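Summary of structural features
Listed below, chain by chain, are the residues.
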Amino acid sequence: MLNKLFKWGLKKSLWVYHAGASACNNCDIEILDLLTPKFDVERLGIVLVGSPRHADVLLVTGVANRQTAPRLKDLYDQVPNPKVVIAVGSCACSAHMFRDSYNVAKPIDEIIPVDIYLPGCPPKPEAMIDAIVKILGKIK
Amino acid sequence: MLSFIFIFLLTIIVGMLATWVDRKVTARLQYRIGPPWFQPFADFCKLMGKETMVPSGVSQMVFLGAPLIGLAGAALVSAILLTPGAGFVGDIIVVIYLLILPSLAVMLGGSASRNPLAALGSSREMKLVLSYELPFLLAVFTVMFKAGSILFSAVHGIPVLSFSGALAFLAALLAVQAKLGVVPFDIAEAEQEIAAGALIEYSGPPLAVFRLTRAMLYFVLPTFLVMLFLGGMDLWFPLKYVAVLTLIILIKNTNPRLRTDQAVRFFWGPVTGMAAVGFILALMGR
């Protein structure tokens, strides 16, 4: 019964932490769009939190270069279970046009386990909301 | 015992609904829709189910005990204020002491977190408490002087309708705004600046208890103001409580955040001056 209560709480209030692994900030701007009055994800209970320890969802943007790759792993370890990782943008999904660059360490899903891939450069806010709805469907 | 449990649950539920009203009104003023009414309860349920992560090398007793200290303070104050006929000599003073406990808990938790950002948040909270306690106490002393005693039940009439009472009410309202950690005085948990401040290392149930304490304060502090300044518990109590809550939300949504030094200067300057003038007027009998 407590488990059902917890699952209900998790569906209705997802707290998001934005971990930028050297992005060009385009995806970050689109993420901030979601909090503005036009899309307003706070009505779904989604809040942008300042500390990874408060978060349920880790939104990773950007290509993981040599400097940010170990830090991304540290951030992932600091998010308490149960957690969801969303790779936002084509750079986070697969390193995109930077895959042969000199400072790209690894694709993000070889550093941390990714649950949802969100391609786009940048993905539209509607696509992000669609991804969030897919997570809510995955929480059983 | 049963009445204490009932009052505890009542404080939690009304306090959480008050935080929802705050979020909803803020959202509406920003042309957004805002969260549904059960949002604070969903946040609480979710946090209780997450795992608790304790940083290595911290004193586990202080780190995990700090939220409970805050909760105990808020719960005791709600018991003293809301149990009918439970007044005792000096209960106003006991309530003032107990109301420091939630801020103390945040300071303790932040200092115990072994994180420089948490220490920064904790020190900001300390400076804020230093600054607002002075006019808060002056305002409460004004009411105690007018009533001539230190019992809640001795406060009769409606103190806010007199000059001294009005000035004291304004000073106490601003101090309560800072106690709740609401803009313009939310420097201690300024998200954009210091990444969640003193509570940065808290996760799961301890964080849930901190947020629960804050929700309880949303009910307890305006009730305290109503009982001192607006004529206490009678049939008009819900209206008076909603009026004080509205004032707090109004001040929140029309002001930017103050820096620490601006907040300290504000409380030790104009607000203390206002509270002192109110006290002098009470001494003169107005």
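Position labels on residues start from 1 in each chain and follow its written sequence. For this description, chains carry letters from A and ligands carry numbers from 1, given in the order in which they are written. Per-residue local features of the predicted model are confined to residues with pLDDT of at least 70, and side-chain atom pairs are confined, for both listing and counting, to 80 or more; whole-chain, interface and lining totals are unaffected and use all residues.

**Considerations on the overall build of chain A**
Only DSSP runs of H or I with at least four residues qualify as helices, and only runs of E with at least two residues qualify as strands; both kinds are numbered from the N terminus onward. Looking only at helices and strands, chain A features 5 helices and 5 strands. Starting at the N terminus and ending at the C terminus, chain A contains elements arranged as α-β-α-β-β-α-β-α-β-α. This radius of gyration counts C-alpha atoms alone. The globule rule is 2.2 Å times how many residues there are, raised to the power 0.38. Rg of the C-alpha trace for chain A: 15 Å, near the compact-globule value of 14 Å for 140 residues, within the 12% margin. Here the C-alpha coordinates of chain A stretch approximately 50 × 30 × 25 Å along the principal axes. Neighbour density around each residue's C-beta defines its exposure: 20 or more other C-beta atoms within 10 Å make it buried, 12 or fewer make it exposed, and counts between make it partly exposed, where C-beta atoms are placed from the backbone. Here chain A holds 140 residues, and the buried ones make up 41% of them. We call two residues in contact when the distance between their C-beta atoms, placed using the backbone, is within 7 Å. Sequence separation of 24 or more characterises 81% of the internal contacts of chain A that already satisfy a separation of 6 or more.

**Some remarks on the sheet that holds strand β4 (residues 84–88) of chain A**
Residue and element names in this part refer to chain A. For two strands to count as paired, DSSP must find a minimum of two bridges between them. Read from one edge to the other, the open sheet built from 5 strands follows the order β2-β1-β3-β4-β5, with strand pairing classed as parallel. Of all strands in the sheet, those bounded by a partner on one side alone are β2 (47–48) and β5 (116–118). Where strand β3 (residues 57–61) meets β4, 5 bridges bridge the pair, whose relative direction is parallel. Bridge pairing links leucine 59 to isoleucine 86 in β4. Axes here refer to lines fitted to C-alpha atoms; in helices the fit is confined to the stretch in contact. Angles between the N-to-C directions go from 0 to 180 degrees. Lying over the sheet, helix α5 (residues 125–138) contacts β4 and β5, oriented at roughly 170° with respect to β5.

**Let's talk about the interface of chain B and chain A**
Every contact between the two is made by 26 residues of chain B and, on the other side, 19 residues of chain A. If one sorts the elements of the side of chain B that touches chain A by residue count, helix α2 (residues 39–49) of chain B sits on top with 7 residues. When residue character is reported, Ala, Val, Leu, Ile, Met, Phe, Trp, Tyr, Cys and Pro are called nonpolar, Asp, Glu, Lys and Arg charged, and the others, Gly included, polar. By residue class, the composition of the side of chain B that touches chain A is 13 nonpolar, 6 polar and 7 charged.

**Details of helix α3 (residues 60–82) of chain B**
Three or four residues apart is the spacing at which side chains of an α-helix point the same way, because the helix has 3.6 residues per turn. All names here are of chain B. Expected span, for any helix, means 1.5 Å times one less than how many residues it has. The terminal C-alpha atoms of α3, which comprises 23 residues, lie 34 Å apart, in line with the 33 Å expected from a rise of 1.5 Å per residue. Of all the bends in α3, the greatest reaches close to 35° and is centred on alanine 66; the proline proline 67 follows between one and four positions later. Buried residues belonging to α3 abut α1 (2–29), α4 (91–98), α5 (100–111) and α9 (205–229). Bend angle per residue: angle between axes fitted to the 7 residues ending at that residue and the 7 residues starting there.

**Comments concerning the environment of alanine 243 of chain B**
Residues and elements named next belong to chain B. Position of alanine 243 among the secondary structure elements: in helix α10 (residues 237–253). Exposure remark for alanine 243: the 14 C-beta atoms within 10 Å place this residue in the partly exposed category. Residues alanine 243 and alanine 66, 177 residues apart in the sequence, show an inter-C-alpha distance of 32 Å.

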